[in-house]
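Architecture at a glance
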Amino acid sequence: MGVDQRRRVTIKDVARLAGVSPTTVSHALGGQRPVSEATRSRVQDAVAELGYRPHHGARSLKASGTGVIAICAVNAVTSSSQADLEYIHRILRGVTQAAREHEYAVVVVPDTRDGVYWERLLFDGAIVADPESSDDNLRFLRGQGLPYVTIGRDPDRPDEGYWVDNDAGESARAVLDHLYSHGARRVAAITWPTTDYWTQEAVRTYRAWCEEHDVAAHVEEVTGASEEALDASAHRLLENASRPDAVFGVYELPAIAVLRAATELGVAVPGELMVAGPSDFGLAERSEPPMTTLEYDAERHGREAADMLIKIVRGETVEEPRRVLPVRLVERASTQR
């Protein structure tokens, strides 16, 4: 059969075996558009042979819909330190506001490796926040023919699909150029080694920027989400023989950890070291000293993603399927020389 039985059978597997398109499979199973009896028979035989089970949410789309959209934001429902991400909570507020205006309900779905959470739900479409490479959530949704929008691009298909995002490269350059204009010549970056598009593009941009400015690149990767792991990476960065005079935090918590380590090591900020990064947790204004940040409107991300998804669900035209939203640099004491 050519199908790995260790993974879930998808509508594409059925289409391949039956020798038709996934859309034809959907029509043959849903009965909303006519197909020949021979085609219907081939599809049904393929379904039986592969053991395909259509997702009940996908079937609901053939009728009047459920009036429910789902959002997968794993960080909002785990015990990880990422659960405190103000960014995620603002996204959820935006999604909920837009859904209410369209008279839709919202359900939050944990991250999944086997589709078990998705399978339990009836929903018309989904939003996936910050998908990673080979994302299992997107694989499940595509396999079931369910519409989805991502907040942050699918790193495997950054120029395809429906998404709402910031320009990660432009954002990184805004921070790096700001540090350089204030005298930084040994700029390091600190990040978690995640595979989402924002991280990958920000690090790529950092390395390219360093080459353009004849600056030695140094990327410090934090290996865990605990405060101990953050502090260890920050100390390792600042205790390096060629200590940086500026640090670009791809995420806020690692950047805050650098500020904390600087205080412990007696490194003056901003005199000896400048630090800047995005506002993920909303901690920068209260850090010591207050940290320069990239600010993005996460609620708008949520609202626009939900508006786009509901248009898709309703069969309406989406005039701008890939939307890049602006960011702004807010200068605070951590870089004010």
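Attention here is on the structure that accompanies the text.

How each quantity is defined
- Residues numbered from 1 in each chain as written.
- Predicted model: local features only at pLDDT ≥ 70, side-chain atom pairs only at ≥ 80, totals over all residues.
- Heavy atoms only, no water.
- Helix = DSSP H or I, 4+ residues; strand = E, 2+ residues; numbered from the N terminus.
- Buried < 20%, exposed > 50% of the residue type's maximum accessible area, 1.4 Å probe, protein only.
- Contact = heavy atoms within 4.5 Å.
- Areas by Shrake-Rupley, 256 points an atom, 1.4 Å probe, with all protein chains shown as cover.
- Pairing = 2+ DSSP bridges.
- Phe/Tyr/Trp six-rings, centres within 6.5 Å; stacked < 30°, edge-to-face > 60°.
- Lys NZ or Arg CZ within 6 Å of the ring centre and 35° of its normal.
- Expected span 1.5 Å × (residues − 1).
- Axes fitted to C-alpha atoms, helices over the stretch in contact; angles between N-to-C directions.
- Parallel < 35°, antiparallel > 145°, perpendicular 65-115°, else oblique.
- Left-handed = near helix turned anticlockwise from the far one by under 90°.
- Nonpolar A, V, L, I, M, F, W, Y, C, P; charged D, E, K, R; others polar.

Examining the overall build of the protein
When helices and strands are counted, the protein shows 12 helices and 12 strands. Each of the 337 residues in the protein was classed as buried or not, and the buried ones make up 51%. In the protein, of all internal contacts separated by at least 6 residues, the share reaching a separation of at least 24 is 69%. Of the roughly 15400 Å² that the protein leaves accessible, carbon and sulfur atoms contribute 46%.

What about the pairing of strand β11 (residues 322-325)?
What you see with β11 is a clean split: Arg-323 and Leu-325 sit on the buried side and Arg-322 and Val-324 on the side with no burial. Pairing analysis gives 4 bridges linking strand β5 (residues 163-166) to β11, with the strands arranged parallel. Paired with Val-164 across the bridge in β11 is Arg-323.

Overview of the packing of aromatic side chains
If you walk through the whole model with that rule in mind, you get 5 aromatic pairs. Consider the rings of Tyr-87 and Tyr-296, whose centres lie 5.6 Å apart with planes at 75°: the pair is edge-to-face. Remark: Tyr-296 occurs in strand β10 (residues 292-296) and Tyr-87 occurs in helix α5 (residues 86-101); sequence separation between them is 209 residues. Measuring from centroid to centroid gives 5.4 Å for Trp-118 and Phe-123, while their planes differ by 50°, and the two rings are tilted. Judged by its relative accessible area of 0%, Trp-118 falls in the buried class. Taken together, the aromatic side chains of Tyr-87, Trp-198 and Tyr-296 make up a single cluster linked through ring pairs. Across from the ring centre of Tyr-180, 3.8 Å away, lies the NZ or CZ of Arg-185, which sits over that ring.

Brief notes about helix α11 (residues 252-265)
Helix length check: α11, at 14 residues, gives a terminal C-alpha distance of 20 Å against a target of 20 Å (1.5 Å per residue), a fit within 8%. For α11, a buried count of 10 out of 14 residues is recorded, marking the element as mostly surrounded by other parts of the structure. Where α11 is concerned, the buried positions are Glu-252, Leu-253, Pro-254, Ala-255, Ile-256, Ala-257, Val-258, Leu-259, Ala-261 and Ala-262. Its buried side turned inward, α11 meets β6 (187-191), α10 (227-238), β8 (246-249) and β9 (274-278). Just past α11, the residue Gly-266 takes up positive phi, approximately 75°.

Focus: unusual backbone geometry
Here Val-269 and Pro-270 are connected by a cis peptide whose omega angle stands at 10°. Counting through the fold element by element, Pro-270 comes out in the loop between α11 and β9. In the segment running from Glu-288 into Pro-289, the intervening peptide bond is cis, with an omega of -5°. Following the sequence through the fold, Pro-289 ends up in the loop between β9 and β10. Within the chain, Glu-103 stands out as a residue other than glycine whose phi angle is a positive 65°. As for its position among the elements, Glu-103 is in the loop between α5 and β2 (105-109). Phi angles above zero are rare outside glycine, and Asp-214 is one such case at about 55°. Along the chain, the position of Asp-214 falls in the loop between α9 (197-212) and β7 (219-221).

Let's talk about the packing of helix α1 (residues 11-18) against helix α3 (residues 37-50)
Running from N to C, α1 and α3 point in directions that differ by 120°, and their axes come no closer than 9 Å. Between α1 and α3, the crossing angle belongs to the class labelled oblique. Of the two elements, α1 crosses α3, and the hand of that crossing is right-handed. Between α1 and α3, the residues in contact are Asp-13, Val-14, Leu-17 and Ala-18 and Arg-42, Val-43, Ala-46, Val-47, Glu-49 and Leu-50, respectively. Broken down by class, the residue content of the contact of α1 with α3 amounts to 7 nonpolar, no polar and 3 charged.

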